[in-house]
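What follows is each chain in one-letter form.
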Amino acid sequence: MDFPHLHLLLNHFPIIGTMVGAGLFLISFLLRAEDVRRSSLIVFVAIALLAIPAFITGVGAQEKIVTDSSISNTLIQRHEGAAELAIWFMEITGALAAAALWRSLRKTSPARWSTAAILVFSFATVGLMARTGNTGGEIRHLEVRSAQESTSVEAAIAQFEPAPAKFTRLMIANKWWWAFMMDLHFMGLVMVVGTIGVFNLRLLGFAKQIPVAPLNKLVPWGLAGLGLNVLTGLLAFIGMPTFYSHDIAFVFKIVAVLLAVTALGFFYHMSVFRECEAVGPGQDAPLRAKFIAGISLVLWLSVIVLGRYIQPLQDSIAR
């Protein structure tokens, strides 16, 4: 897999996307336009998802260019540290945006602290993503490297950036910590399948005696489980980046997760869920709802199967 080109293709989306999302979010306040605000939240969620493959492909790209004597390993490490800090802020922004989107779908106003948090984290993410892009550009482009020493602001930001090697060792330093993370990851997946999966089965026509509306109210628990999966998954990847980035099952699993979340987004963005909420006991869901539910269920089952085969496939490749 050509990681450097794939990384270059993907890394522009988080940088530009956060700027677009933050700009729309700020404009929505000036114009008092709810549709613009909702659009900005959708952008934040989408970019939070795209930032994951952009971050993951960076490891493969690093392995390809680290042997080049003309490239400074110090600059690579600096870029990696900036990326690790930026992605955590991006994922927090995406989680807050997803919560606000859900409240908007329920026709309830978001809490003031939620709106303020999105504003603060989004603009902080814009700055961190810009810094990540700048440090990445310095790796290959000599003309953008500053000949002067870092400014006080630059130095202050750098203090909060994790040292990639130390953080990686920390994730795998204790087997009990690793087991605890994997248990949490499994619990998150159970929450997803136990809510979104069951919801999809009802839409497909199983357990018709149950009305759809109560199951739809459980979806936020599934989203919370997804958030737990993202948290523990990123920590696991940071712990063993080379192991995961070269595992084909892991790559397909990430693709399946992104597609599954996209299917869920289509379900709610197309307002199919409003038609389904009226579906009572013994009634069938609309055809397009069944279509999306079927795709979603297959994708989440694929996530489970691919996650199970990450280790065996890695072993078979090593042999």
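For the structure itself, consult the block above.
Summary of the structure given here. These figures come from a predicted structure and were not determined experimentally.

What to know about empty space enclosed by the protein
At step 1: Under the counting rule described, the total for this entry stands at 2 cavities of 30 Å³ or more.
At step 2: What the second largest cavity holds in volume is close to 50 Å³.
At step 3: In terms of lining residues, the second largest cavity is bounded by Phe199, Asn200, Leu203, Ala263, Leu264, Phe267, Ala289, Ile292, Ala293 and Ser296.
At step 4: Of all the secondary structure elements, the ones that give two or more residues to the lining of the second largest cavity are helix 8 (175-204), helix 12 (248-269) and helix 14 (287-308).
At step 5: At 4 residues, helix 14 tops the list of elements feeding residues into the lining of the second largest cavity.
At step 6: Among the residues forming the lining of the second largest cavity, the class breakdown is 8 nonpolar, 2 polar and no charged.

A word on the packing of helix 3 (residues 34-65) against helix 10 (residues 219-239)
At step 1: Their axes nearest at 11 Å, the elements helix 3 and helix 10 cross at an angle of 10 degrees. The pairing of helix 3 with helix 10 is recorded here as roughly parallel in orientation. Taking contact as the criterion, the partners of Ile52, Phe55, Ile56 and Val59 in helix 3 are, on helix 10, Val230, Leu234, Phe237 and Ile238.
At step 2: For the contact of helix 3 with helix 10, the class distribution of residues is 8 nonpolar, no polar and no charged.

A few points about the environment of phenylalanine 121
At step 1: With respect to the element layout, phenylalanine 121 can be found in helix 5 (residues 112-140).
At step 2: Put simply, phenylalanine 121 and alanine 22 are 99 residues apart on the chain and 9.5 Å apart in space, counted from C-alpha to C-alpha.
At step 3: Beyond its immediate sequence surroundings of up to four residues, phenylalanine 121 is in contact with Phe89, Ile92, Thr93 and Leu96.

Considering the packing of aromatic side chains
At step 1: As enumerated under the stated definition, the model contains 11 aromatic pairs in all.
At step 2: Here the aromatic rings of phenylalanine 243 and tyrosine 244 are separated by 5.0 Å at their centres, their planes lie at 90 degrees, and the arrangement is edge-to-face.
At step 3: The class for phenylalanine 243 is buried, based on a relative accessible area of 18%.
At step 4: Judged by its relative accessible area of 9%, tyrosine 244 is buried.
At step 5: Aromatic side chains phenylalanine 267 and tyrosine 268 sit 5.0 Å apart centroid to centroid with 85 degrees between the ring planes, which places their arrangement in the edge-to-face category. Each member of the pair phenylalanine 267 and tyrosine 268 is classed as buried.
At step 6: Connected via pairs of aromatic rings, a cluster forms that spans Phe55, Phe237, Phe243, Tyr244 and Phe250.

What counts and how
Residues numbered from 1 in each chain as written. Predicted model: local features only at pLDDT ≥ 70, side-chain atom pairs only at ≥ 80, totals over all residues. Heavy atoms only, no water. 1 Å grid on protein atoms, 1.4 Å probe; cavity = no way out; pocket = protein on both sides within 12 Å on 5 of 7 lines; lining within 4 Å. Points joined across faces, edges and corners; volume = space filled by probe spheres on them. Helix = DSSP H or I, 4+ residues; strand = E, 2+ residues; numbered from the N terminus. Nonpolar A, V, L, I, M, F, W, Y, C, P; charged D, E, K, R; others polar. Axes fitted to C-alpha atoms, helices over the stretch in contact; angles between N-to-C directions. Parallel < 35°, antiparallel > 145°, perpendicular 65-115°, else oblique. Contact = heavy atoms within 4.5 Å. Phe/Tyr/Trp six-rings, centres within 6.5 Å; stacked < 30°, edge-to-face > 60°. Buried < 20%, exposed > 50% of the residue type's maximum accessible area, 1.4 Å probe, protein only.

Nothing here speaks to function; it is all geometry.
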